[in-house]
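Remarks on the overall topology
Here are the chains, one letter per residue:
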Amino acid sequence: MIKRLLPALVLVLGLAAPLAPRAQDATSIQPILQENAALIVESSRRTIQPAIDAIAASGLPQAPLVMETWANRDMWQRKSDGLFFKAVQNGSQFDLIDFDTSQVVATVDKDAIDQLKPNSGIRAVIAVSLVKFQLSDPDRAKRVEALDAIERNGEESHLAPLRDSIASEQDPALKARKEHLETLLTIRFDPDTATRIAAIEKVAGDTGVDVRATLNPLVATQLSAARKRPISCWFPPASRRAC
């Protein structure tokens, strides 16, 4: 009986053995970096978006650390195997920190690694993706940083994650900022006209600089349309024809 079962056991164990590394890879961000290594190393604003999207869409908790490290030019690639690490100078050498474990895995000479130097365009793209993570970061300073970034250069892609982060925000001051920014982004980017009108009514009477900056383009559009109206529209009501 044992002799007859042995081949079956060997077959089962043989088939099961390769599954362990796959389960481990599912929690590692390094495979995603390797899949996009060519784009990351090329460091071109024109082609970098898919690599950033892959990191952001991974859902891994390491993703924000990778993007922050990359944007800060602290991400290096080891020449011997192409793996990416956060590198911290240690005397004349560099400690390589694994993104998955945050542990130092090696100490190497500088000539054993290549530094990634994303330009300002790539750093701006990374910042847009990073904001989505920072809005709900446990660190209050990170959340403030995200709101500051949206105030400086809010984009349509920020609206959904900003809305999602409001309900869970425990800090009253930050919650108020989020709600205010959500209203302004809604005015600019929400595809539903009724929702945009409701947001405009919400800031009625607010003379803040940010509110005026959001509404001015809408006013300019209306004035441009007004200049195209028939002359008859400017006459008293009794003499007006269809406008």
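Here is a short report on the structure shown in this document. (Residues numbered from 1 in each chain as written. Predicted model: local features only at pLDDT ≥ 70, side-chain atom pairs only at ≥ 80, totals over all residues. Heavy atoms only, no water.)

Focus on the packing of aromatic side chains
- In the structure shown here, the tally under the stated rule is 1 aromatic pair.
- Pairing Trp76 with Phe94 gives two aromatic rings, centres 5.0 Å apart and planes at 40°, and the pair type is tilted. Taken together, the residues Trp76 in strand S1 (residues 75-78) and Phe94 in strand S3 (residues 93-97) connect sequence positions 18 residues apart. Each member of the pair, Trp76 as well as Phe94, carries the same accessibility label: buried. (Phe/Tyr/Trp six-rings, centres within 6.5 Å; stacked < 30°, edge-to-face > 60°. Helix = DSSP H or I, 4+ residues; strand = E, 2+ residues; numbered from the N terminus. Buried < 20%, exposed > 50% of the residue type's maximum accessible area, 1.4 Å probe, protein only.)

Some remarks on helix H8 (residues 140-153)
- For H8, built from 14 residues, the straight-helix expectation of 20 Å at 1.5 Å per residue is met to within 8% by its first-to-last C-alpha distance of 20 Å.
- Those residues of H8 that sit buried are Arg143, Val144, Ala146, Leu147, Ala149 and Ile150.
- Elements in contact with the buried residues of H8: helix H7 (120-134), helix H9 (156-166) and helix H10 (172-189).
- The residue sitting at the N-terminus of H8 and contributing the capping side-chain oxygen is Asp139; that oxygen lies 3.0 Å from the backbone nitrogen of Ala141. (Expected span 1.5 Å × (residues − 1). Contact = heavy atoms within 4.5 Å. Polar contact = N/O pair within 3.5 Å; in protein donor to acceptor, adjacent residues only side chain to side chain.)

So, the nonpolar core
- Core analysis: the biggest nonpolar cluster contains 23 residues, and Ile29, Leu33, Ile40, Ile55, Trp70, Met75 and Phe84 have the highest contact counts within it.
- When residues in this core are grouped by element, the largest group, 5 residues, is from helix H6 (residues 63-71).
- Each residue touching Phe84, except ones within four places of it in the same chain, is listed here: Gln30, Leu33, Gln34, Ala37, Ile40, Val41, Met75, Trp76, Gln77, Phe99 and Leu116.
- Val131, Val144, Leu181 and Leu185 belong to the second-largest nonpolar core, a separate cluster that totals 12 residues. (Core = buried A, V, L, I, M, F, W, Y, C linked by side-chain atoms within 4.5 Å.)

Notes on the pattern of salt bridges
- Applying the stated criterion across every chain, the model contains 10 salt bridges.
- Notably, a salt bridge pairs Arg78 with Asp81, separated by 2.7 Å at the nearest N-O pair.
- Residue Arg78 is classed as buried on the basis of its relative accessible area, which comes to 19%.
- You can call Asp81 partly exposed: its relative accessible area is 37%.
- With a closest N to O distance of 2.9 Å, Glu169 and Arg143 form a salt bridge. With Glu169 in the loop between H9 and H10 and Arg143 in helix H8, the pair connects residues that are 26 residues apart, well separated along the chain.
- Through salt bridges with shared partners, a single network forms among Arg143, Glu169 and Lys178. (Salt bridge = Lys/Arg side-chain N within 4 Å of Asp/Glu carboxyl O.)

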